[in-house]
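The chain contents come next:
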Amino acid sequence: MLDSLSIHAASGEFSPFALFLQADIIVKLVMIGLLLASVWTWMIIVSFAMKIGQVGKRSDRFEKSFSKANDVDKFYDDHGKSSLPMAKVLASGMREWRRSTARGPIDRDGTRQRLATAMNATIAHEVDKLADRLNFLATVGSVAPFVGLFGTVWGIMRSFSAIAAEQNSSLAVVAPGIAEALFATAIGLFAAIPAVIAYNRFSHRLNKLEARMGRFADGFHATLSRELEMGK
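Residues numbered from 1 in each chain as written. Predicted model: local features only at pLDDT ≥ 70, side-chain atom pairs only at ≥ 80, totals over all residues. Heavy atoms only, no water.

- An unreviewed UniProt entry annotates the chain as Protein TolQ originating from Parasphingorhabdus litoris.
- UniProt annotates the chain under Sequence similarities (unreviewed entry) with the comment "Belongs to the exbB/tolQ family." (UniProt positions renumbered as here; feature names shortened; annotations may be inferred.)

## So, the packing of helix H5 (residues 85-101) against helix H6 (residues 108-131)
- H6 packs onto H5 with a crossing angle of 155 degrees between their chain directions and a minimal axis gap of 9 Å. When the axis of H5 is compared with that of H6, the two are roughly antiparallel. Relative to H6, the crossing made by H5 is right-handed. Across the interface between the two elements, Pro85, Lys88, Val89, Ser92, Gly93, Glu96, Trp97 and Ser100 from H5 touch Thr111, Arg114, Leu115, Ala118, Met119, Thr122, Ile123, Glu126, Lys129 and Leu130 from H6.
- Residue composition of the contact of H5 with H6, grouped by class: 8 nonpolar, 5 polar and 5 charged. (Axes fitted to C-alpha atoms, helices over the stretch in contact; angles between N-to-C directions. Helix = DSSP H or I, 4+ residues; strand = E, 2+ residues; numbered from the N terminus. Parallel < 35°, antiparallel > 145°, perpendicular 65-115°, else oblique. Left-handed = near helix turned anticlockwise from the far one by under 90°. Contact = heavy atoms within 4.5 Å. Nonpolar A, V, L, I, M, F, W, Y, C, P; charged D, E, K, R; others polar.)

## Considerations on the packing of aromatic side chains
- Summed over all chains, the structure comprises 9 aromatic pairs.
- Seen in terms of ring centroids, Phe150 and Trp154 are 6.2 Å apart; in terms of plane orientation they differ by 40 degrees. Their pairing is tilted. With a gap of 4 residues between them, Phe150 and Trp154 both fall in helix H7 (residues 134-166), about one helical turn apart.
- An angle of 15 degrees between the planes, with centres 6.4 Å apart, marks the rings of Phe216 and Phe220 as stacked. Residue Phe216 and its partner Phe220 are both found in helix H8 (residues 171-230); the two are separated by 4 residues, about one turn of the helix. The same class applies to Phe216 as to Phe220, namely buried. (Phe/Tyr/Trp six-rings, centres within 6.5 Å; stacked < 30°, edge-to-face > 60°. Buried < 20%, exposed > 50% of the residue type's maximum accessible area, 1.4 Å probe, protein only.)

## A look at the UniProt feature "transmembrane region" (unreviewed entry) in the chain
- Under the feature "transmembrane region" (unreviewed entry), the UniProt entry names residues 25-49, 134-157 and 177-199.
- The annotated region residues 25-49 carries 100% helix and 0% strand content, and the separation between its end C-alpha atoms amounts to 36 Å.
- For residues 134-157, the end-to-end C-alpha separation is 35 Å, with 100% helix and 0% strand making up the annotated structure.

Spelled out as structure tokens, the structure:
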């Protein structure tokens, strides 16, 4: 094995593929795991970016349609079954409104509280659903550098073993293990950096969406509160 490592070092075969082939089995497993994590990270990034973009555009159209609606009940009947998070907030408010006003006398203060609770719970549930896969990005961003560091430490230990076995500290002996170690670290950073950037960016967009749904719920709550006042 040491002869093989020396040949690789002497011939200058330090391409990523060559480094992977000459790596120890432990370092290979580390590299494969990090590469798979990186692929899955980019799949989440692309799919979530498309999804949050679609939700934003559909929310724009939904709010415009709602602002033009003259009959809230009809608007709910037409749009209440939509999968859009904002539509689900509307649906939860309308369901609670119809249950609370189905029979008299109406408890106005209790109805207002129940409406706010129902819509706020729906907002939290929808945000949690959207953010579910982002936990993987946070995990990769925090763990991948340490996994790469493990590969680094293992590669350096292998280099020291080669030095001890050959009693030779020349570059031909230590270079392969050091190169593998640095390559494992690079893959760890390659997986972690996009994950951290995407997680922070998407968390910001989710916070904006949550605030937007909260404003919509407040406006809808005010509309229904006026209905209660008119019913005195």
